[in-house]
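Breakdown of the fold
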Amino acid sequence: MVKVKFKMREAGFSANFEYGELHVAGIKEYGLHTYQLVVSSIAVCSGGLLEGNS
């Protein structure tokens, strides 16, 4: 089981994962926007589905 600890920052949130720290914020200088994470997850999941149907 993966445990994730989220921290609230001045300009968004951060989370520590085994591969590094992820920053999410509404201001691009402070981290990724939420829509960037959504688009990335859709692209990766779609790619996985297309690869499985080959």
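For the structure itself, consult the block above.
One structure accompanies this document, and this report is about it. (Residues numbered from 1 in each chain as written. Predicted model: local features only at pLDDT ≥ 70, side-chain atom pairs only at ≥ 80, totals over all residues. Heavy atoms only, no water.)

In a structure, side chains of opposite charge can pair up when their charged atoms sit close to one another. Within the structure shown, the criterion is met by one salt bridge. Two residues, Arg-9 and Glu-21, come together in a salt bridge whose shortest N-O distance is 3.3 Å. In this pair, Arg-9 sits in strand β1 (residues 5-9) while Glu-21 sits in strand β3 (residues 20-24), placing the two residues twelve residues apart along the sequence. (Salt bridge = Lys/Arg side-chain N within 4 Å of Asp/Glu carboxyl O. Helix = DSSP H or I, 4+ residues; strand = E, 2+ residues; numbered from the N terminus.)

Moving on, we come to the pairing of strand β2 (residues 12-17). Summarising the sheet, β1 and β2 pair through five bridges and their orientation is antiparallel. The residue of β2 that forms the bridge with Lys-5 is Asn-16. Where β1 folds back on β2, the antiparallel hairpin that results is connected by two residues. In this sheet, β3 lies alongside β2 in antiparallel orientation, the contact comprising five bridges. When the bridges of β3 are listed, Phe-13 appears paired with Val-24. The hairpin turn running from β2 into β3, its antiparallel successor, is two residues long. (Pairing = 2+ DSSP bridges.)

Within the fold, His-33 resides in the loop between β3 and α1 (34-52). A distance of 3.4 Å separates the side chain of His-33 from the backbone oxygen of Gly-26, its partner in a polar contact. Discounting residues that sit within four places of it in the chain, His-33 has contacts with Ala-25, Gly-26, Ile-27 and Lys-28. (Polar contact = N/O pair within 3.5 Å; in protein donor to acceptor, adjacent residues only side chain to side chain. Contact = heavy atoms within 4.5 Å.)

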